[in-house]
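Residue-level listing of the chains:
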Amino acid sequence: RVRNNGAMKEENIIIFEGRYSKQAIQFMLKKNSIMCSAVVAAVAGIGIIVVSVISYMLDLWVFMIFLIPLVLMIGLAPIAPFIYKKQTIETIAPKQIIIDGDMKFINITLHKSTTAIQKPFNCLKRVIDYGEWYYLKFKFPKLDGFVCPKEAITQGDTEEFEKIFAGKVVRKLKKEHSKSAK
């Protein structure tokens, strides 16, 4: 219940807090690995082009040695989230997600206490139901999404959640999910 101008009104709030299963953590690491690879490939690709053009224009092919770290960056980017698993999870896994029943905002608090994100409800592109968890996928500029474990609902329930996001929930079959986890 929330007090609004002196009157009490009933407000549906869904709160996710808690731990993530091993499958959910692997899913988050894989998603982060893909995003990290794309960003590093784009940045390193620009660097490769710049170094190649400068080497060609100055006829100093010794500058091509600078391509080695750029190529190494592209090779290491996909495995970096798995190497630094604890730091990656602290950065990308929400500690708490609060969805207000008025459908105005989704508040996300990450494990780093200084990081809190408030997204307007209309920025949510879709909700993907993977069975054990929901994956909130946002529109640009937040290209990635957030995992909400069903077992971590501390206020509200899955029926209320799906009612709030009616029309945006997409269910993934077990077969599709197991393919994406590999």
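Above this text you will find the structure in question.
Predicted model, so just to flag it, every value in this text is computed and none were measured.

1. Digging into the overall build of the protein chain
Turning to step 1, where the next piece is worked out: Along its length, the protein chain carries 6 helices and 11 strands.
Turning to step 2, where the next piece is worked out: Relative to its full complement of 182 residues, the protein chain shows a buried share of 32%.
Turning to step 3, where the next piece is worked out: For the protein chain, the proportion of contacts with a sequence separation of at least 24, taken over those separated by at least 6, is 55%.

2. Digging into the sheet that holds strand 9 (residues 145-149)
Turning to step 1, where the next piece is worked out: The strand order 9-8-7-11 describes an open sheet built from 4 strands, whose pairing is mixed. At either end of the open sheet lies a strand with only one pairing partner, and these are strand 9 and strand 11 (169-171). Ignoring strand direction, the axes of neighbouring strands in this sheet form an average angle of 25°.
Turning to step 2, where the next piece is worked out: Pairing analysis gives 3 bridges linking strand 7 (residues 124-129) to strand 11, with the strands arranged parallel. Within strand 11, the residue paired with aspartate 129 across the bridge is arginine 171.

3. Things to note about the nonpolar core
Turning to step 1, where the next piece is worked out: Counting 19 residues, the largest nonpolar core has Phe16, Ile97, Ile99, Ile106, Leu136, Phe161 and Phe165 as its most contacted members.
Turning to step 2, where the next piece is worked out: Taken together, the elements giving at least two residues each to this core come down to strand 3 (14-17), strand 4 (94-99), strand 5 (105-110), strand 7, strand 8 (133-138), strand 9 and helix 5 (158-164).
Turning to step 3, where the next piece is worked out: Those residues within four positions of isoleucine 97 in sequence are excluded, and the remaining contacts are Ile14, Ile15, Phe16, Ile106, Asn107, Ile108, Leu136, Phe146, Val147 and Cys148.
Turning to step 4, where the next piece is worked out: Within the second largest apolar cluster, 13 residues are counted, among which are Tyr20, Ile92, Ala93 and Ile128.

4. Observations regarding the pairing of strand 5
Turning to step 1, where the next piece is worked out: Burial of strand 5 is one-sided: the residues Ile106, Ile108 and Leu110 facing one way are buried, the residues Phe105, Asn107 and Thr109 facing the other way are not.
Turning to step 2, where the next piece is worked out: Of the pairings in the sheet, the one linking strand 4 to strand 5 comprises 5 bridges and is antiparallel in character. Residue isoleucine 97 lies in a different strand from strand 5, and its bridge partner there is isoleucine 108.
Turning to step 3, where the next piece is worked out: Joining the antiparallel neighbours strand 4 and strand 5 is a turn of 5 residues, in which methionine 103 adopts a positive phi near 60°.
Turning to step 4, where the next piece is worked out: As paired elements, strand 5 and strand 6 (residues 116-120) share 5 bridges and run antiparallel to each other. Bridging across to strand 6, asparagine 107 finds its partner in glutamine 118.

Cut-offs and rules
- Residues numbered from 1 in each chain as written.
- Predicted model: local features only at pLDDT ≥ 70, side-chain atom pairs only at ≥ 80, totals over all residues.
- Heavy atoms only, no water.
- Helix = DSSP H or I, 4+ residues; strand = E, 2+ residues; numbered from the N terminus.
- Buried < 20%, exposed > 50% of the residue type's maximum accessible area, 1.4 Å probe, protein only.
- Contact = heavy atoms within 4.5 Å.
- Pairing = 2+ DSSP bridges.
- Axes fitted to C-alpha atoms, helices over the stretch in contact; angles between N-to-C directions.
- Core = buried A, V, L, I, M, F, W, Y, C linked by side-chain atoms within 4.5 Å.

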